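Summary of structural features
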Amino acid sequence: MNRFSSLQNALPLSIQEIPVMDLDSWRNEILKICRESKGRLIALFSAPAGKVSRLFGVVGIDQHGELRVGAADLGPNRSYASLTPELPEAHLFERELFEEEGILPEGHPWRKPVRKHETGPEGAYPFYEIAGEEIHEVAVGPVHAGIIEPGHFRFQCHGEKVLHLEIRLGYQHRGVEKLLPKSKPTRRAVLAESVAGDTVVGHALAYAHAIEALAGRSVPQRAKWLRVVVLELERLSNHIGDLGALGADIGFLPASAYFGRLRGEFLNLLMELTGNRYGRSFIRPGGVLTDLSEKKRVDFQRRLAVTSREIREVADLFFSTSSVLARLEHTGLVTREIAQSLGLVGPAARASNLIRDIRHDYPTGAYRFHYIPPVRLTSGDVYARARIRSLEGKRSLEFLEEALKALPPDKIFHLCEGLQASSLVVSLIEGWRGEIAHIAMTDARGEIDRYKIVDPSFHNWMGLSLAMRDGQISDFPLCNKSFNLSYAGHDL
C-alpha cells in the first residue's frame, strides 16, 4: 500500500489502519501529497514500535479539510533520505528528530540543534558566519532589556544592512511532550495549558479535543460555544496587545496607550468568565468548569459593543497616520512563495496572501455551525501583519456577538474517562498565532504513550529570520513584534 490513511480533525484512527511503508515510499508519498494535492506538513515525529523506531508523517490538504497520515520503520542505521531539499518546511522537524532521537535525515542542508546548545549530536552550536573587512556581527540576548523570554539573535551585517539573522532558542525547554504521557490525567490538562503562557486557551482546547476523541465522548453544546468565546477573547487580547506594542515601537504613543487599555478589557472579560485573566483551569476534557450567567451574558454583549466601537476608532487613527504607514509599509517583507515554502501558519501566512485558518479548513466544535471568513492580505510586510490583526479582531468581535446570542441552555460538562486503545488522533486548533497541533497515541491498554505538540511558532520562527534579510537592523523590533512568536511554545 502506497497511500496514506485519511482522517479528520479531532477524530480517532486505529493505529492498525495507518500504513507502514518502506522509507523511500513513505518519503515519496509525503512529497507527492504536498506537490500534487497542495498539501503541507502538519507534523513529523517518531514513536517506538516494538524494537524499532517508527516515523510518522501527518500532512494536511487544506482545500478538502483532510488529513493524511503514514508511517515507516527505521532500519538499524536509523537514517532516511531527508525531505528538506525538496520540502523546505520539513527542515525544523528533521532537525528536531536528529537532536532528540538521533534519527539522521541524510542530505539535510542545515542539521543544527533546535533546542540544545552545547551538547547537540554534532557538538557546539555552529553559528553561521560571513567573512569580510566591512562585515560586523551584532548579538542580542538571550537576556533582554525587558520582561520577555530568553532567545538569542545573531545578525551578520554590512553597515546597517542585515545579510543574515540566525535565531537560537532552547532556553525554555521543559520536556512537556515527555511529561504528558507520564502524568496523571488531571495533571495533563495543566501541562497542556502551560505550553505557552499567552496561548492557554488554544493549547487547552487542542488537548481537550484529543482526549475527548480518544474517549469517544461528546461535549454539551453550551460548553462548545463557551469554549469558542474564550478562544476568541484570547485572540482579541493578543491581537490588540500586539498593535499597542507596535505603536510603542514606532513611537506612536496615543495608539499604544489606547490599544493597551483595550487589551485589558478582554483580559478582564476572560477573568470574569473563567476566574483567570489568561483562561487557566476553564477548559477540561468533557467541557468547561464555569458557566456564564444570563446577567453576565448581557453585560458581556454591552461591553463588547462599546469595545468594538473604540477599537474601530483607534485602528482608523493608527492605520491612517502617514508616519505610521511610512514605518510599517515595505518593512520585513515575506513573499507568498517564501511563506509557502517555509510552511508559515496563522496571521503571518495570511498576511502573505496564503489562506490557512483551521476554523475555516478543519472546523470543530461551534466553528462547524458558524462560519468565520478568513482574512487575507497580499503585501507580506509589517503593515500587513499589523493590519490583519485589526481585521481579524473585527471578525472575532462579530463572531462573539453571535456566539453570545447562540448560547444554548445545556450542561457545561460531561465526565470524560477511558481512552480507545491503539489509536491516534490529530487535534488542530486555530490559536491567535496560528495552527496548534496536538497528536496523541495510545497503547494496547488505552494509555497515552506518545504525545506530540506543534505550536505555531515552530513553523514561523524562520519566517522572522527571512523577513530581516536585506533589511535595516533598526527594523528588527518591528519585524519581531509583527510576528510576536513564542519562545516557550517552540522550546516545549
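Let us look at the structure shown here. Note that residues are indexed from 1 along each chain, following the sequence as it is written. Two thresholds apply to this predicted model, a pLDDT of at least 70 for residue-level local features and 80 or more for giving and counting side-chain atom pairs, whereas whole-chain, interface and lining totals are computed over all residues. Excluding hydrogens and water, the side-chain values take into account all heavy atoms of the structure.

1. What about the sheet that holds strand E11 (residues 161–168)?
Here is the rule we go by: At least two bridges found by DSSP between two strands is the condition for calling them paired. Elements are defined by DSSP. Helices are runs of H or I of four residues or more, strands are runs of E of two residues or more, and each kind is numbered from the N terminus. All axes are obtained by fitting lines to C-alpha atoms, using only the stretch in contact for helices, and the reported angles, taken between N-to-C directions, cover 0 to 180 degrees.
The strand order across the open sheet built from three strands is E9-E10-E11, with neighbouring strands paired in antiparallel fashion. Strand pairing shows two members of the sheet lacking a second neighbour, strand E9 (135–140) and E11, which therefore form its edges. Here the average twist between neighbouring strands, direction ignored, is 20°. Looking at chain direction, strand E10 (residues 152–158) and E11 are connected through seven bridges and run antiparallel. Paired with Phe 155 across the bridge in E11 is Leu 165.

2. Some remarks on the sheet that holds strand E2 (residues 13–14)
In a beta sheet, neighbouring strands pair by backbone hydrogen bonds and run either parallel or antiparallel. What the four strands build is an open sheet, ordered E2-E14-E15-E16; its pairing is antiparallel. Every other strand in the sheet has two partners, leaving E2 and strand E16 (448–454) as the edge strands with one partner each. Where E2 and strand E14 (residues 423–430) come together, two bridges link them in antiparallel fashion. Its bridge partner being in E14, Leu 13 is matched across the sheet by Leu 424.

3. Notes on the packing of aromatic side chains
Basically, it comes down to this: In this scheme Phe, Tyr and Trp rings, the latter by its six-membered ring, pair at centre separations within 6.5 Å, and the angle between planes marks the pair as stacked below 30 degrees, edge-to-face above 60, and tilted otherwise. Using a 1.4 Å probe on the protein chains alone, a residue whose accessible area is under 20% of its type maximum counts as buried, one over 50% counts as exposed, and one in between counts as partly exposed. Sitting over a ring, as applied to charges here, requires NZ of Lys or CZ of Arg to be within 6 Å of the ring centre and within 35 degrees of the ring normal.
Across all of its chains, the model carries 15 aromatic pairs by this definition. Between Phe 45 and Phe 56 the ring centres are 5.4 Å apart and the planes differ by 10°, which places this aromatic pair in the stacked class. Note that Phe 45 is positioned in strand E4 (residues 40–49) and Phe 56 in strand E5 (residues 52–61), a separation of eleven residues in sequence. Overall, Phe 45 belongs to the buried group, its relative accessible area being 1%. With a centroid separation of 6.1 Å and 50° between ring planes, the pair formed by Phe 252 and Phe 318 is classed as tilted. Linking Phe 252 in the loop between helix H6 (221–249) and helix H7 (253–274) with Phe 318 in helix H8 (residues 294–318), this pair joins segments that are 66 residues apart in sequence. A relative accessible area of 14% places Phe 252 in the buried class. Accessibility expressed as a relative area gives 0% for Phe 318, which makes it buried. What links up through ring pairs into an aromatic cluster is the set Phe 153, Phe 155, Trp 461, Phe 476 and Tyr 487. Above the face of the Phe 127 ring, Arg 154 is positioned so that its terminal group lies 3.7 Å from the ring centre. Against the face of Phe 319 rests Arg 387, its NZ or CZ located 4.7 Å from the ring centre.

4. Topic: the side chain of Arg 168
As a reminder, the rule being used: Identification of polar contacts relies on pairs of N or O atoms within 3.5 Å, with a donor-acceptor requirement for protein atoms, meaning one able to donate a hydrogen and the other able to accept it, and with residues adjacent in sequence counted only if both atoms are side-chain atoms.
You can see Arg 168 is positioned in strand E11. When its relative accessible area of 12% is taken as the criterion, Arg 168 is described as buried. For Arg 168, the side chain forms a polar contact with the side chain of Tyr 171, separated by 2.9 Å.

5. A closer look at the environment of Pro 150
The following threshold applies: Note on contacts: a residue pair qualifies if any of its non-hydrogen atoms lie within 4.5 Å across the two residues.
Residue position: Pro 150 is located in the loop between E9 and E10. Here the alpha-carbon distance between Pro 150 and Gln 172, two residues 22 residues apart in the chain, equals 7.5 Å. The residues contacting Pro 150, other than those within four sequence positions of it, are Pro 142, His 144, Tyr 171, Gln 172 and Tyr 487.

6. So, the environment of Leu 55
Within the secondary structure, Leu 55 sits in strand E5. Once the C-alpha coordinates of Leu 55 and Phe 458 are considered, the two residues, 403 residues apart in sequence, prove to be 19 Å apart. Non-local contacts of Leu 55, meaning those with residues more than four positions away in its chain, are made with Leu 23, Trp 26, Phe 45, Ser 46, Gly 70, Ala 71, Ala 72, Leu 74, Tyr 80, Leu 97 and Ile 103.

7. Observations regarding the pattern of salt bridges
Rules: In the sections that follow, a salt bridge refers to a side-chain nitrogen of Lys or Arg positioned within 4 Å of a carboxyl oxygen of Asp or Glu.
What the rule picks out here adds up to 35 salt bridges. Its salt-bridge partner being Glu 392, residue Arg 350 comes within 2.6 Å of it at the nearest N-O pair. Separated by 42 residues along the polypeptide, Arg 350 in helix H11 (residues 346–350) and Glu 392 in helix H13 (residues 382–406) bring together distant segments of the chain. Overlapping salt bridges bring together Glu 96, Glu 100, Arg 115, Glu 177, Lys 178, Arg 450 and Lys 452 as one network.

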